[in-house]
Structure formats: structure tokens, C-alpha cells
Amino acid sequence: MNPFAEAAFLMSVAKLADLPPDGPPEIAFAGRSNVGKSSALNALAGRKRLAFFSKTPGRTQTLNFFTVGEVARLVDLPGYGYAKVPDAVRQDWDQLAGGYLAARESLVGVVIIMDSRRPFMPHDVHLIDWLRPQGTPILALLSKCDKLTRRECTETLKLAQGRIGEAILFSSQDRTGVEETRDRVGAWILAQNKRNPR
Ligand code: GDP
């Protein structure tokens, strides 16, 4: 199952009051700005020219929902941790994305995209430490791994697996990790739908 291939845009949400009602299992995607999240989502969807998961300005501070048929939803969270954003924008992230992650019944997993050259930056760690006690499964994608040597890849993967458990080396450029990520996310969805047949 490639849940990304079937993804269709549902809606953008700018405030928690506008969230769609809970429904099929949701997988959220988070990462620092510029970490390669849009490129990763497009690589996973297999859509080259259509910037499906886009960064149009109006969408940057919204939660973007995509349906995967009736079986799942993918939720693209705004990028965080961009040094130049004013505090007000940071508070918006905490309130909107944080509020979503803290309380969403349908949420079954969070994919955190981190730059493989500098994983576990303070904002990443903050998010991970905050998610962990909730027990939400986390998968780390170590992006832009085409920039690392083979040895650095091995070390980074080991480090991330030690800290998070599930981690995948990823490159939208050479497509490292694309199939594995589709499989892992697909497995989360299948497991949840089996537990909770609709
Ligand atoms: P986002 O802000 O997290 O959505 O990041 P983007 O997907 O827009 O990517 C940010 C920058 O990183 C762009 O210049 C991309 O071309 C570059 N980039 C994204 N993915 C990769 C990758 O797998 N390898 C390399 N080398 N560069 C990448």
C-alpha cells in the first residue's frame, strides 16, 4: 500500500475550531522549516511536477489535510524553528500544531523530518520530548542523506534509532528511504484500521 499515491487535498485549517471531525486514522508530518518536508512528501506521493504538498505562503501556517481514500488522512504541519520568525509566529505553531498534536483522537503517528546533517536540533528535541509521554508512535526521517558519506549515514541512523526507535535515512533527490517510508506509514494505517474496523 502506498498511502501517499492516493492522497487528495481535503482542507487547510488555520485555527483549531475549524478542524474536521475525527475520522480515519491520521498521520502528521512535522519538521523544521527548510528540512525538505515538502520535497519528501512529493517524493512519497510520486508526483514530480505537481507541487502537491506545496509551500504557498497562505498555507505555511495552516494544518493541511489530505485524504487517503476512506482509510486515512495525512496532515502536513507547518514548519517550525525558523530562526527569523517572530515570537508571535512561534506561539501560533504551538497553539495550532501543538493543540492538534495534543488532543487529536484520530492521530496514530507522527513523522518527524530532521536534516540528516544536523538531527535533533533544539526544536526537534523539544517536540520529541513533548510527544513521547503521550505514547504517540514517532518515525524519524533523516532527510537529504545524499549529502552524507556512507559512514556518516550509518552513524546518523544508529544515533537516531537509539534516540527514537524508528528512523529511516531519506533523500528525495536519490529516493533513498521512499519505499521504506511508504511501507512503515502504510503499516501504521493498516494496523489502526484492523484494530478499529470502520
Ligand atoms: P521544507 O521547507 O521542509 O518543505 O523544505 P523543501 O522541501 O522546500 O526543501 C528545502 C530545500 O532543501 C530546497 O532547496 C530543496 O531543494 C532542498 N532539498 C529537499 N530535499 C532534498 C534532498 O533530498 N537532498 C538534497 N540535497 N536537497 C534537498
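Because the structure is a prediction, the values reported are computed rather than measured. (Residues numbered from 1 in each chain as written. Predicted model: local features only at pLDDT ≥ 70, side-chain atom pairs only at ≥ 80, totals over all residues. Heavy atoms only, no water.)

Engineer: How should I be thinking about the pairing of strand S3 (residues 63-68) in this particular structure?
Structural biologist: For a regular strand, side chains alternate in direction, first toward one face of the sheet and then toward the other. A large share of S3 lies buried, amounting to six of its six residues. Here S3 shows a buried face lined by Leu63, Phe65 and Thr67 and a second buried face lined by Asn64, Phe66 and Val68. Bridging between strand S1 (residues 7-13) and S3 involves six bridges; their strand directions are antiparallel. If you follow serine 12 over to S3, its bridge partner there is asparagine 64. (Buried < 20%, exposed > 50% of the residue type's maximum accessible area, 1.4 Å probe, protein only. Helix = DSSP H or I, 4+ residues; strand = E, 2+ residues; numbered from the N terminus. Pairing = 2+ DSSP bridges.)

Engineer: So what exactly am I meant to see when it comes to a nonpolar patch on the surface here?
Structural biologist: A surface patch of nonpolar side chains, amounting to about 250 Å² of accessible area, comprises Met1, Val71 and Leu190. Within the secondary structure, leucine 190 sits in helix H5 (residues 178-195). (Patch = residues over 30% accessible without salt bridge, like charges linked within 9 Å, V, L, I, M, F, W, Y side chains within 5 Å. Areas by Shrake-Rupley, 256 points an atom, 1.4 Å probe, with all protein chains shown as cover. Salt bridge = Lys/Arg side-chain N within 4 Å of Asp/Glu carboxyl O.)

Engineer: It is not clear to me how the sheet that holds strand S4 (residues 72-76) should be interpreted in this structure. Could you clarify?
Structural biologist: Hydrogen bonds between backbone groups are what pair the strands of a sheet, and the pairing can be parallel or antiparallel. With respect to topology, seven strands assemble into an open sheet ordered S1-S3-S4-S2-S5-S6-S7, the strand pairing being mixed. The outermost strands of the open sheet, each flanked by one partner alone, are S1 and strand S7 (166-169). Recorded for the sheet is a direction-independent mean angle of 25 degrees between the axes of neighbouring strands. Note: strand S6 (residues 138-143) against S7, four bridges, orientation parallel. Looking across to S7, one finds that alanine 140 is bridged to alanine 167. Helix H3 (residues 122-131) contacts strand S2 (26-31), strand S5 (107-115) and S6 of the sheet and is inclined by roughly 160 degrees relative to S5. Across the sheet, H5 lies against S2, S4, S5, S6 and S7, angled at about 150 degrees from S7, the strand it touches most. (Axes fitted to C-alpha atoms, helices over the stretch in contact; angles between N-to-C directions. Contact = heavy atoms within 4.5 Å.)

Engineer: Just checking my understanding: could you explain the packing of aromatic side chains for this structure?
Structural biologist: The way to describe two aromatic rings as a pair is by their centre distance and the angle between their planes. Within this structure, the stated rule accounts for four aromatic pairs. Taking the centre distance of 5.7 Å and the plane angle of 65 degrees together, the rings of phenylalanine 4 and phenylalanine 29 count as edge-to-face. With phenylalanine 4 in the segment before S1 and phenylalanine 29 in strand S2, this residue pair connects regions lying 25 residues apart in the sequence. Look at phenylalanine 4 and you get buried, because its relative accessible area is 0%. Note on phenylalanine 9 and phenylalanine 66: the rings are 5.6 Å apart at their centroids and 70 degrees apart in plane angle, and the pair reads as edge-to-face. (Phe/Tyr/Trp six-rings, centres within 6.5 Å; stacked < 30°, edge-to-face > 60°.)

All we've got here are geometric facts, nothing functional implied.
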